[in-house]
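Spelled out from the first residue to the last, the chains are:
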Amino acid sequence: MSLFGLPVLWQTVILLSIANVFMTFAWYAHLKHLNDKPWWIAALVSWGIALFEYMLQVPANRIGHTELSLAQLKILQEVITLTVFVPFVVFYMQQPLKLDYLWAALCILGAVYFVFRS
């Protein structure tokens, strides 16, 4: 699978980013929209959303693993997770932006450095 002839890293980032949007909604949107429903309804809806995540995440990891180590894939996923999660929390869930997100990002940036250095 090739996304418009993009390098492997960019193919992986794009697919993981879209997958992460689905993952974030699967994991957290029910707190806003289904909090008055039984937990099993929220779980079934979340599983339905998560299916789309897996349909993108699995190929993304397979593509990425052709050039990236497993540790690099995992840290890349964490960077993407924070990049998607913070706007989701602030704009969709309407929670306040916290300075702690910056500190978390700096910690992940350190992880990126250590896993991607030669």
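Quick note: structure is the one above.
The structure presented is a predicted model; accordingly, all values stated were derived computationally and were not measured.

Draft legend 1. Geometry of the overall build of the protein chain. Summing up its helical and strand segments, the protein chain has four helices and zero strands in all. Element order for the protein chain, N to C, with α for helix and β for strand: α-α-α-α. Projected onto its principal axes, the C-alpha coordinates of the protein chain cover approximately 50 × 35 × 20 Å. Taking the contacts inside the protein chain whose residues are at least 6 apart along the sequence as the reference set, 74% of them involve residues at least 24 apart.

Draft legend 2. The arrangement of the packing of helix H1 (residues 8-33) against helix H3 (residues 70-92) in detail. At their nearest, the axes of H1 and H3 sit 8 Å apart, and the two run at 45 degrees to each other. On the basis of their axis angle, the class for H1 and H3 is oblique. You can see that H1 and H3 cross each other, and the crossing is right-handed. Of the residues that constitute the contact of H1 with H3, the class distribution is 15 nonpolar, seven polar and one charged.

Draft legend 3. View of the environment of Arg 62. Its place among the elements puts Arg 62 in helix H2 (residues 39-64). Each C-alpha atom, one on Arg 62 and one on Thr 12, is 8.6 Å from the other, the two residues being 50 residues apart in sequence.

Draft legend 4. Structural detail: the packing of aromatic side chains. The final tally for this structure, using the stated rule, is seven aromatic pairs. Taking the centre distance of 6.1 Å and the plane angle of 70 degrees together, the rings of Trp 27 and Tyr 28 count as edge-to-face. Since its relative accessible area comes to 29%, Tyr 28 is described here as partly exposed. Each member of the aromatic cluster is reached from another via a ring pair, and the members are Phe 25, Phe 88 and Tyr 92.

Draft legend 5. Looking closely at the pattern of salt bridges. Scanning the entire structure with this criterion turns up one salt bridge. In this structure, Lys 74 engages Glu 78 in a salt bridge whose closest nitrogen and oxygen atoms are separated by 2.7 Å. One end of the pair, Lys 74, and the other, Glu 78, are both in helix H3, four residues apart, so they sit about a helical turn from each other. A residue is classified by how much of its surface remains accessible, and Glu 78, at 27% relative accessible area, is partly exposed.

Draft legend 6. Region of interest: the side chain of Thr 24. As for its position among the elements, Thr 24 is in helix H1. In this structure, Thr 24 is in contact with Ala 29, Val 84, Phe 85 and Phe 88, ignoring residues within four places of it in sequence.

Draft legend 7. Inspection of a nonpolar patch on the surface at higher detail. Among the surface-exposed residues, Phe 4, Leu 6, Trp 10, Ile 14 and Ile 18 lie close enough to one another that they form a single nonpolar patch of about 550 Å² accessible area. Tracing the sequence through the fold places Ile 18 in helix H1. Judged by its relative accessible area of 40%, Ile 18 is partly exposed.

What counts and how
Residues numbered from 1 in each chain as written. Predicted model: local features only at pLDDT ≥ 70, side-chain atom pairs only at ≥ 80, totals over all residues. Heavy atoms only, no water. Helix = DSSP H or I, 4+ residues; strand = E, 2+ residues; numbered from the N terminus. Contact = heavy atoms within 4.5 Å. Axes fitted to C-alpha atoms, helices over the stretch in contact; angles between N-to-C directions. Parallel < 35°, antiparallel > 145°, perpendicular 65-115°, else oblique. Left-handed = near helix turned anticlockwise from the far one by under 90°. Nonpolar A, V, L, I, M, F, W, Y, C, P; charged D, E, K, R; others polar. Phe/Tyr/Trp six-rings, centres within 6.5 Å; stacked < 30°, edge-to-face > 60°. Buried < 20%, exposed > 50% of the residue type's maximum accessible area, 1.4 Å probe, protein only. Salt bridge = Lys/Arg side-chain N within 4 Å of Asp/Glu carboxyl O. Patch = residues over 30% accessible without salt bridge, like charges linked within 9 Å, V, L, I, M, F, W, Y side chains within 5 Å. Areas by Shrake-Rupley, 256 points an atom, 1.4 Å probe, with all protein chains shown as cover.

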